[in-house]
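Chain and residue survey
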Amino acid sequence: MDENEQFNVSAPWSWNARHFVERGCPQTGGAEFLLYSDTRVTGDLEVTCHPYVVTNCFGLPQSGRLAPVLALYLDDHFPVFKVQPMDKTDTDGWLNLTLDDEIACIISLVAGMRLRSAGRVRSFKEGAPRGTPEFYGHHVPAWTATERPIYPTPQQVSMESLDGWMDRYFALGRAEAVTLVRAARQYRDALWVADTDPELAWLFLVSALEVIAGWEALRDAVPSDLLQQEMPDLAADLLEAGGEVHLASVASRLVPIVKATARFMSCVEKYLPVPPPVRPEEYAQVGWDWPNLKKRINQVYGYRSARLHGGVPFPSPLCQVPMTSGAALDERPSGIAAAAGNSAWLVKDLPMHLHTFGYIVRGCLLRWWQTSSDDTSGEADTPPVAAT
């Protein structure tokens, strides 16, 4: 890499790590990180995709306690980082995550498990092949377990189920990688708080879908053209008031919120996963035909908007532990109606439980990721892991 070439940080750190390998930057060292979960990992397969290796720590989460379940090793090829130019505000690649926690977010999405990095535990420099222990920045994540979870996650996942995901991550372009990590972070954070703050989990899950819905709608669009198409009268007024420059300036700020609900619903319809493989009794299932799901997901989006913009809490039954009917948890509240405090809801206004919506969100994100990486790499149409 040319020493005079600017270090473009408008991408996930974890994506850039591979980018600099491909650009021929020399290795300057290495690092090892521990990732914590309440889900056990089985198998001894090493998931390798230079400059990363993910291995099983064989940690045993017990009694709702987190354990180090995965070790992440990185060969460091980063060039010397100079201060980011500060002549303008630039948040195109802003994620507010460390490299290792970006990877944890992606694995969380792949496996459907809670996963967070606690930080570095060992550094490797030339002349020290065994590495140097480094725990001063290592902080075990805080998490509160509950006896009856609102959103159950797998008790165990296999290393084999994680194989291949890194290749698909690095097949993405810079902007797509940012989009994936942002969405995966929302999903991971939803899992993390689901049992203690289910309302926040609902918001995180809707936001995860909005990330890819916005990317889908705007990636090839010219903001001023889109505003003229969707709001022609306003676009005409802006042109008259300040010309093309004024229209372009306003459109770049306004277009991301124009017809947000329609974009959201279109994205879900396009990437909707197949029904869950194990389902409850029929009366507790959510009908998987799109007309029925569209109505229910639109209700979820409405509750999310009411919570954000009006301070109206999500319906209490959607934030409670689901009943179990047959082989699986109920996908939606059943009965005629439900009440809590001074309020009541007819069952038709209770679209689905949190874990059901989470299944839909994860499936949509995985299918979007699959399609995006296929478009870039030309690989076969195989998802990184089935949505379970």
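Located above this text is the structure these notes cover.
Below: a short report on this structure. Since the model is a prediction, treat every value here as computed from it, not as a measurement.

On to the pattern of salt bridges, then. What the rule picks out here adds up to 13 salt bridges. Glu134 serves as the salt-bridge partner of Arg120, at 3.5 Å between the closest nitrogen and oxygen. With a gap of 14 residues between them, Arg120 in strand 6 (residues 116–125) and Glu134 in the loop between strand 7 (128–133) and strand 8 (156–158) connect regions that are remote in the sequence. The class of Arg120 is partly exposed, set by a relative accessible area of 32%.

The sheet built from six strands is open, its strands ordered 3-4-5-1-6-7 with antiparallel pairing. Each edge of the open sheet carries a strand with a single partner, namely strand 3 (47–49) and strand 7. Ignoring strand direction, the axes of neighbouring strands in this sheet form an average angle of 20°. The pairing of strand 3 with strand 4 (residues 52–56) spans three bridges and is antiparallel. Within the sheet, the bridge partner assigned to Val47 lies in strand 4 and is Val54.

With that out of the way, let us pick up the state of the cysteines. Here the structure, examined in full by the defined rule, presents zero disulfides. As a non-bridged cysteine, Cys267 has Cys364 as the owner of its nearest cysteine sulfur, 6.2 Å distant. The class of Cys267 is buried, set by a relative accessible area of 4%.

With that settled, the discussion passes to helix 1 (residues 13–22). Buried residues dominate helix 1, accounting for eight of its ten residues. Two residues or fewer after helix 1 comes Gly24, characterised by a positive phi angle close to 85°.

What follows covers the nonpolar core. In terms of nonpolar packing, the biggest core is built from 101 residues, with Leu70, Trp165, Tyr169, Ile297, Phe357, Ile360 and Trp369 touching the most fellow members. The residues touching Tyr169, leaving out its near neighbours within four places in the chain, are Pro12, Ser14, Trp15, Glu102, Ile103, Ile106, Ala177, Leu180, Val181 and Trp369.

Under the 1.5 Å per step criterion, the end-to-end length of helix 9 (residues 290–310) is 29 Å for 21 residues, consistent within 8% with the ideal 30 Å. All of the buried residues in helix 9 are Trp290, Leu293, Arg296, Ile297, Gln299, Val300, Tyr301, Tyr303, Arg304 and Ser305. Of the residues one or two after helix 9, Gly311 is the one with positive phi, at around 70°.

With that out of the way, let us pick up the packing of aromatic side chains. The tally for this structure, following the rule as stated, stands at ten aromatic pairs. Ring plane angle 70° and centroid distance 6.0 Å describe the contact between Trp288 and Tyr359, whose orientation is recorded as edge-to-face. Here Trp288 is found in the loop between helix 8 (260–271) and helix 9, whereas its partner Tyr359 is found in helix 10 (residues 354–377), with 71 residues between them in sequence. The pair Trp288 / Tyr359 is uniform in exposure class, with both members buried. A network of ring pairs unites the aromatic residues Trp202, Tyr303, Phe314 and Phe357 as a single cluster. Directly above the aromatic system of Trp192 lies the positively charged group of Arg116, at a separation of 4.5 Å from the ring centroid.

Now for a negative patch on the surface. Together, Asp44, Glu46, Glu160, Asp163 and Asp167 line one region of the surface with negative charge. Inspection of the secondary structure assignment puts Glu46 in the loop between strand 2 (40–42) and strand 3.

Before going further, it helps to examine the packing of helix 1 against helix 2 (residues 99–111). It is at 7 Å that the axes of helix 1 and helix 2 come closest, and there the two elements cross at 105°. As summarised for this structure, helix 1 and helix 2 are arranged roughly perpendicular, according to the angle between their axes. Between helix 1 and helix 2, the residues in contact are Trp13, Ser14 and Ala17 and Leu99, Glu102 and Ile103, respectively. Split by residue class, the contact of helix 1 with helix 2 holds four nonpolar, one polar and one charged.

Okay, the pairing of strand 4 next. Burial along strand 4 is one-sided: Tyr52, Val54 and Asn56 are buried, and none of Val53 and Thr55, which face the opposite way, are. Linking two consecutive strands that pair antiparallel, namely strand 3 and strand 4, is a turn of two residues. Across five bridges, strand 4 lies against strand 5 (residues 67–76) in antiparallel orientation. Its bridge partner lying in strand 5, Val54 is registered against Leu72.

Summarising the sheet, strand 11 (residues 337–340) and strand 12 (residues 343–346) pair through four bridges and their orientation is antiparallel. Note on strand 12: the bridge partner recorded for Ala338 is Trp345. Between strand 11 and strand 12, which pair antiparallel in sequence order, lie two residues; one of them, Gly341, sits at a positive phi of approximately 60°.

The peptide bond linking His50 to Pro51 adopts the cis configuration, its omega dihedral lying at 15°. Considering the arrangement of structural elements, one finds Pro51 in the loop between strand 3 and strand 4. For Phe58, which is not glycine, the phi torsion reads 60° and is therefore positive. Looking at the element boundaries, Phe58 is found in the loop between strand 4 and strand 5.

Here is what the cut-offs are and how they apply
Residues numbered from 1 in each chain as written. Predicted model: local features only at pLDDT ≥ 70, side-chain atom pairs only at ≥ 80, totals over all residues. Heavy atoms only, no water. Salt bridge = Lys/Arg side-chain N within 4 Å of Asp/Glu carboxyl O. Helix = DSSP H or I, 4+ residues; strand = E, 2+ residues; numbered from the N terminus. Buried < 20%, exposed > 50% of the residue type's maximum accessible area, 1.4 Å probe, protein only. Pairing = 2+ DSSP bridges. Axes fitted to C-alpha atoms, helices over the stretch in contact; angles between N-to-C directions. Disulfide = S-S within 2.5 Å. Core = buried A, V, L, I, M, F, W, Y, C linked by side-chain atoms within 4.5 Å. Contact = heavy atoms within 4.5 Å. Expected span 1.5 Å × (residues − 1). Phe/Tyr/Trp six-rings, centres within 6.5 Å; stacked < 30°, edge-to-face > 60°. Lys NZ or Arg CZ within 6 Å of the ring centre and 35° of its normal. Patch = residues over 30% accessible without salt bridge, like charges linked within 9 Å, V, L, I, M, F, W, Y side chains within 5 Å. Areas by Shrake-Rupley, 256 points an atom, 1.4 Å probe, with all protein chains shown as cover. Lys, Arg positive; Asp, Glu negative; His and termini not counted. Charge placed at Lys NZ, Arg CZ, Asp CG, Glu CD. Parallel < 35°, antiparallel > 145°, perpendicular 65-115°, else oblique. Nonpolar A, V, L, I, M, F, W, Y, C, P; charged D, E, K, R; others polar.

Take it as geometry only, folks, not as evidence of what the structure does.
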